[in-house]
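These are the residues of each chain, in order.
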Amino acid sequence: MAKCNFCDADFEAGPGDLLLVCPYCGTAQSVQGIKFTDHYMIRVHYDEGEAKTTLLDWISKQLGAPEDLSSSAQFLKSEQIWYPFWISRVDADTTYSGLGRDATFHNEWPQMRGAYKRFEYFWKPESGQFTRRHEINIAGIPNIDEDIRHHPIPTRAKEFFSNAHAEEFNGKVLHSTIDLDTAKGLAKQMAIDKQTQLVLKEVDKIEQRNDNINVGETFLIHVPVWELEYRYGNKKYRASVSAPTGYVIESKYPRSMSFRAGGIGIGFLMLLIGAVLIALALDLLGIGAILQGGGLISGGLLAIIGLLLMYKGASSKEAKESI
Ligand SMILES: [Zn+2]
């Protein structure tokens, strides 16, 4: 439990929560009760009904989705969760020197231009500089779903956090287990890693580097996501839909019986053909080895693809909207 330093209300907080948002007055504060003002949100543009409609529309367009899904799916749960993220603008400047791999070529083949009989690798000293501004995004809670972690946040559309706006949708605003200083430290390290990746595109071995990393504006932003659960047939499926953009972050969906039966049928056929090819290659049918190693390989491949198709047909598919 925690006590709000601004409206005196008691509210739930876990032991790891370091930056708290009071569910009554919406004030972001440290566990010591110091107000944190750089607190933003992305506004909801899809209410509960619109999020559900968007999800069903999207699923209906997926390959093999049952035709009666929109009319037969029954929503069991819907909850709007506000996920915390820390965003930092980091200016990074790296000068480096190192060694790059290079090669010399000898004895071009007479008939093949650009093809050589012999080449020698050697190390060549190189140096350079990268100046970049990175926007670093750090999730404010541990064990966050990977798809929610990486879904795009339109930070240009940010507004100051409004508790009234979250309350309109009964939104649950999560505390952050990361405080400002930790967020800045992580942002600095991630910027250094990004600079390292840039340098390693130019040289294979870094011999010397000098980093000038400046962590600038860092703010907390809450992003609302609709967490939905629905039933189709006798199975339950979960889905996450972005409340600002209607983007389907992740969703499992059922596939129609005919689609699945088709997959299983084709898979079985391929398995059968594969088996025949293997039998011919090994001369199991006693008509002389017609196909040699090639038959064995293509037969084996067909059998594997066939098994995969049968497996896919029998399982429900997890689908995501591509970015
Ligand atoms: Zn309060």
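Just so it is clear, the structure is predicted and the values come from calculations on it, not from any experiment. (Residues numbered from 1 in each chain as written. Predicted model: local features only at pLDDT ≥ 70, side-chain atom pairs only at ≥ 80, totals over all residues.)

Novice: I'd like to hear about the overall build of the chain, residue by residue, with values.
Specialist: Assigned secondary structure in the chain consists of seven helices and 13 strands. Taken over the C-alpha trace, the chain has a radius of gyration of 29 Å; the compact-globule value for 323 residues is 20 Å, which it surpasses by more than 25%. Dimensions of the chain, computed from C-alpha atoms along their principal axes, come out at roughly 90 × 65 × 30 Å. Summarising the internal contacts of the chain: among those between residues at least 6 apart in sequence, 72% fall at separations of at least 24. (Helix = DSSP H or I, 4+ residues; strand = E, 2+ residues; numbered from the N terminus. Rg over C-alpha atoms; globule rule 2.2 N^0.38 Å. Contact = placed C-beta atoms within 7 Å.)

Novice: Tell me what's going on with the domain arrangement of the chain, and back it up with residues and numbers.
Specialist: By a frequent convention, interface size equals the accessible area lost on bringing the separate parts together. Under the domain assignment, the chain is made up of domain 1 (38–94 + 130–253), domain 2 (96–125) and domain 3 (257–319). The centre of domain 1, based on its C-alpha atoms, is set 46 Å off from the matching centre of domain 2. Taken together, the contact pairs 10 residues of domain 1 with six residues of domain 2. Of all elements in the fold, only helix H5 (180–202) and strand S10 (205–232) reach the threshold of two or more residues within the side of domain 1 that touches domain 2. Among the elements that make up the side of domain 1 that touches domain 2, the one with the highest residue count is S10 (five residues). Grouping the constituent residues of the side of domain 1 that touches domain 2 by class yields three nonpolar, two polar and five charged. (Domains from an automatic or database assignment. Nonpolar A, V, L, I, M, F, W, Y, C, P; charged D, E, K, R; others polar.)

Novice: Tell me about helix H1 (residues 48–60), residues and numbers included.
Specialist: Helical periodicity: at 3.6 residues per turn, an α-helix aligns residues three or four positions apart in one direction. For H1, spanning 13 residues, the distance from its first C-alpha to its last is 18 Å, which sits close to the expected 18 Å at 1.5 Å a residue. Those residues of H1 that fall on the buried side of the exposure criterion are Ala51, Lys52, Leu55 and Ile59. All buried residues of H1 project into a common sector of 100 degrees when viewed along the axis, lining one side. Exposed residues pointing more than 90 degrees away from the buried face of H1 are listed as Gly49 and Asp57. Elements in contact with the buried residues of H1: helix H2 (69–72), strand S6 (74–108), S10, strand S11 (235–242) and strand S12 (248–253). (Expected span 1.5 Å × (residues − 1). Buried ≥ 20, exposed ≤ 12 C-beta atoms within 10 Å, placed from the backbone. Arc of directions from axis to C-beta.)

Novice: Can you tell me about the confidence of the model for the chain, naming the residues and giving the values?
Specialist: Of the residues in the chain, 93% reach a pLDDT of 70 or more, and the chain-wide mean stands at 88. Confidence scores differ between elements of the chain, with strand S13 (residues 317–319) showing the lowest mean pLDDT of 53 and strand S5 (residues 39–41) the highest of 98. (pLDDT = per-residue confidence, 0-100.)

Novice: Kindly report on the environment of Tyr121, identifying the contributing residues and their values.
Specialist: Here Tyr121 shows up in strand S7 (residues 116–139). Distance in space between the C-alpha atoms of Tyr121 and Asp102 is 5.6 Å, their sequence separation being 19 residues. Once you skip the residues sitting within four places of it in the chain, Tyr121 turns out to touch Arg101 and Ala103.

Novice: Before we move on, could you go through H5 and cite the residues and values that matter?
Specialist: Between its first and last C-alpha, H5 extends 34 Å over 23 residues, near the 33 Å set by a 1.5 Å rise per residue. Listed in full, the buried residues belonging to H5 are Ala183, Ala187, Ala191, Gln195 and Val199.

Novice: Describe in detail unusual backbone geometry, supporting the description with residues and values.
Specialist: In this structure, Asn143 is a non-glycine residue whose phi angle is positive, near 55 degrees. When you line up the elements, Asn143 lands in the loop between S7 and helix H3 (146–150). Using a count of 8 C-beta atoms within 10 Å as the deciding quantity, one classes Asn143 as exposed. Despite not being glycine, Asn170 shows a phi value in the positive range, around 55 degrees.

Novice: Hey, could you go over the nonpolar core for me, with residue numbers and the actual values?
Specialist: Within the largest apolar cluster, 43 residues are counted, with the highest numbers of intra-cluster contacts made by Ala51, Leu55, Ile221, Val223, Leu228 and Val241. Setting aside anything within four residues of it in sequence, one finds Ala51 in contact with Tyr46, Trp226, Leu228, Val241, Ala243 and Gly246. Core analysis: the next-biggest nonpolar cluster, separate from the first, contains five residues, Met270, Ala281, Leu302 and Leu309 among them. (Core = buried A, V, L, I, M, F, W, Y, C linked by C-beta atoms within 7 Å.)

Novice: So, the environment of Gln74: which residues are in play, and what are the values?
Specialist: Within the secondary structure, Gln74 sits in strand S6. Judged by the 9 C-beta atoms lying within 10 Å of it, Gln74 falls in the exposed class. In this structure the C-alpha to C-alpha distance between Gln74 and Tyr232, which are 158 residues apart in sequence, comes to 6.6 Å. Setting aside residues up to four positions removed in sequence, Gln74 forms contacts with Tyr230 and Arg231.

Novice: Please set out the pairing of S11 residue by residue, giving values where relevant.
Specialist: Here eight bridges tie S10 to S11, and the two strands are oriented antiparallel to one another. Residue Arg231 lies in a different strand from S11, and its bridge partner there is Lys236. Here S10 hands over to S11 after two residues, with Gly233 in that stretch at a positive phi of 65 degrees. Bridging between S11 and S12 involves three bridges; their strand directions are antiparallel. Its bridge partner lying in S12, Ser240 is registered against Glu250. (Pairing = 2+ DSSP bridges.)

Novice: Explain the environment of Met1 to me, and be specific about the residues and the numbers.
Specialist: Within the secondary structure layout, Met1 lies in the segment before strand S1 (2–3). By the C-beta count within 10 Å, which is 6 here, Met1 ends up exposed. In sequence terms Met1 and Lys194 are 193 residues apart; their C-alpha atoms lie 39 Å from each other. Not counting the four nearest positions on each side in its chain, Met1 is found in contact with Asp10, Glu12 and Ala13.

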